[in-house]
Amino acid sequence: MNRSLAPLLILMAAVLWGTVGTAKTWLPNDVDSISLGAMRLLIGSLILLVIAMSTGQLKRRGWPIHIVLMTGVAMALFQPFFFNAVTLTGVAVGTVASIGSAPVFSGFIEWAVHKTRPGRIWWLSTFLAVAGCLLLMLNSGAVTVDPLGVLSGLGAGFSFASYAILNSKLVQTHPPVASAAVVFTLSAVMLAPFLFSNDQTWLMTANGLSVSLYIGLIATGLAYFLFSYGLQHVKSSSAVTMALAEPLTAALLGVLLVGEVLSLLSWVGMIMLLMGIIILALQSRLSRRTRRPI
């Protein structure tokens, strides 16, 4: 893969993640989010397994069991943490606490564990992106700050940052498709009990089946396939900041397809978020030529 395409793959994955919210509007209102999260992991893992097996990528040995387990746990924990945060605090605060905190966690984890200190460009772009995300999500008039909900959001941010950092190590020694397939299968197994403990009649409807397949195949399987390939050549802390293109995409789709209206402050936030992502993506390409850390 051309290394210059790596930031683009990360952004494409984030755009696909950003379509989940719009796709979910086609589901019945009584669909519980945790079951939907479990279903998206199950479908996503199946398609990734099929691809990995058909290309012979699963035949490779020497899988680091401890890293695989920790990566699977991180992805599995992200689902209930995130959905609990959104349930308790609403979409605005829950999304900001979860997605907005992930880049900060990833930077500090890399700093503490790998002794890799983020550069000034990373701090600038992350500040712009997180601040823009905050302004964008404050478009909602009803904001509930529930302490447990905020803690759940921070747990989601830490989980996603941990997943990105651990998976970035995994894809350096194993094929990205196989890595994603193994991790997602493990995560799906961990969340499978939710599919049996909650009502799943919504899956028998045309909308329920079609939306589940889209979210599982495209917004999960394909998205994390692209994200894993991008992690081969983009630092995990930078990749997590670029992933903030997810709320940007969700906001634009809300305006274009769902009929939502953004305030002037939210449009300012959108511009700030876009600037942060563009700065980091350009610096990521430049750093590969000069070999300077982002």
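Residues numbered from 1 in each chain as written. Predicted model: local features only at pLDDT ≥ 70, side-chain atom pairs only at ≥ 80, totals over all residues. Heavy atoms only, no water.

Participant: Whenever I open this one, the overall build of the chain confuses me. Can you help?
Facilitator: Along the chain, the regular secondary structure elements total 13 helices and zero strands. Ordered by position in the sequence, the α and β elements of the chain form the string α-α-α-α-α-α-α-α-α-α-α-α-α. Within the chain, the fraction of its 294 residues that count as buried is 52%. Partitioning the intrachain contacts of the chain with sequence separation of at least 6 by distance along the chain shows that 88% fall at a separation of at least 24. Accessible area for the chain stands at about 13500 Å²; split by element, carbon and sulfur atoms hold 71% of it. (Helix = DSSP H or I, 4+ residues; strand = E, 2+ residues; numbered from the N terminus. Buried < 20%, exposed > 50% of the residue type's maximum accessible area, 1.4 Å probe, protein only. Contact = heavy atoms within 4.5 Å. Areas by Shrake-Rupley, 256 points an atom, 1.4 Å probe, with all protein chains shown as cover.)

Participant: When you look at the packing of aromatic side chains in this model, what are you seeing that I'm missing?
Facilitator: Two aromatic rings, taken as a pair, are described by how far apart their centres are and by the angle between their planes. Inspection of every chain in the model, using the stated rule, returns 17 aromatic pairs. Both rings, one in Phe78 and one in Phe82, keep their centres 5.6 Å apart while their planes meet at 15 degrees; by these two values the pair is stacked. With Phe78 and Phe82 both in helix α4 (residues 65-100) and four residues apart, the pair spans about one turn of that helix. Here the aromatic residues Trp17, Phe78, Phe82, Phe160, Tyr163, Phe184, Tyr224 and Phe227 are joined through ring pairs into a cluster of three or more. (Phe/Tyr/Trp six-rings, centres within 6.5 Å; stacked < 30°, edge-to-face > 60°.)

Participant: What is the right way to look at helix α5 (residues 102-113) in this model?
Facilitator: Every α-helix carries 3.6 residues per turn, so stepping three or four residues along brings you back to the same face. Between its first and last C-alpha, α5 extends 16 Å over 12 residues, near the 16 Å set by a 1.5 Å rise per residue. For α5, the complete set of buried residues consists of Ala102, Pro103, Ser106, Gly107, Ile109 and Glu110. Along α5, the residues classed as buried sweep out an arc of 165 degrees about the axis, all on the same side. Remark: Lys115 follows α5 within two positions and exhibits a positive phi of approximately 55 degrees. (Expected span 1.5 Å × (residues − 1). Arc of directions from axis to C-beta.)

Participant: How do you make sense of the pattern of salt bridges when you look at a structure like this?
Facilitator: Where side chains of opposite charge bring their charged atoms close, a pairing between them can arise. One pass over the full model with this rule turns up one salt bridge. The partner of Lys235 in a salt bridge is Glu110, with the nearest N and O atoms 3.9 Å apart. Of the two residues, Lys235 sits in the loop between α10 (206-230) and α11 (236-242) while Glu110 sits in helix α5, which places them 125 residues apart along the sequence. (Salt bridge = Lys/Arg side-chain N within 4 Å of Asp/Glu carboxyl O.)

Participant: Would you mind going over a nonpolar patch on the surface with me for this structure?
Facilitator: Together, Leu252, Leu256, Leu257, Leu264, Trp267 and Val268 give the surface a local cluster of nonpolar side chains, amounting to about 640 Å² of exposed area. Elements with a minimum of two residues in the nonpolar patch: α12 (245-258) and α13 (264-290). Mapping Val268 onto the fold places it in helix α13. (Patch = residues over 30% accessible without salt bridge, like charges linked within 9 Å, V, L, I, M, F, W, Y side chains within 5 Å.)

Participant: Looking at this structure, how should I read the packing of helix α3 (residues 33-54) against α10?
Facilitator: Geometry of a packed helix pair, given as the angle between the helix axes and the separation of the axes. Two elements in contact, α3 and α10, have axes whose closest approach is 8 Å; the angle formed by their N-to-C orientations is 60 degrees. Our classification of the angle between α3 and α10 gives oblique. For α3 against α10, the interelement crossing comes out right-handed. Residues Leu36, Met39, Arg40, Ile43, Gly44, Ile47 and Leu48 of α3 lie in contact with α10, whose contacting residues are Ser212, Leu213, Ile215, Gly216, Leu217, Ala219, Thr220, Gly221 and Phe225. Taken together, the residues of the contact of α3 with α10 break down into 10 nonpolar, five polar and one charged. (Axes fitted to C-alpha atoms, helices over the stretch in contact; angles between N-to-C directions. Parallel < 35°, antiparallel > 145°, perpendicular 65-115°, else oblique. Left-handed = near helix turned anticlockwise from the far one by under 90°. Nonpolar A, V, L, I, M, F, W, Y, C, P; charged D, E, K, R; others polar.)

Participant: Just checking my understanding: could you explain the side chain of Ser228 for this structure?
Facilitator: Within the secondary structure, Ser228 sits in helix α10. Under the relative-accessibility criterion, Ser228 is labelled buried at 0%. Among the polar contacts listed, one links the side chain of Ser228 to the backbone oxygen of Tyr224, at a separation of 2.9 Å. Those residues in contact with Ser228 that lie beyond four places of it in its chain are Tyr163, Asn167, Val171, Pro176 and Ala180. (Polar contact = N/O pair within 3.5 Å; in protein donor to acceptor, adjacent residues only side chain to side chain.)

Participant: What should I look at first to understand the packing of helix α7 (residues 147-170) against α10 in this one?
Facilitator: Following both chains from N to C, one finds α7 and α10 inclined at 55 degrees, their axes separated by 10 Å at the closest point. The orientation of α7 relative to α10 falls into the category oblique. Of the two elements, α7 crosses α10, and the hand of that crossing is right-handed. Contacts between α7 and α10 involve Phe160, Tyr163, Ala164 and Asn167 from the former and Tyr224, Phe227 and Ser228 from the latter. Tallied by class, the residues present in the contact of α7 with α10 amount to five nonpolar, two polar and no charged.

Participant: Quick question: what am I supposed to make of α7 here?
Facilitator: Taking 1.5 Å of rise per residue, 24 residues should cover 34 Å, and α7 covers 34 Å from first to last C-alpha, within 8% of that figure. The element α7 is extensively covered by neighbouring structure, given that 17 of its 24 residues are classed as buried.

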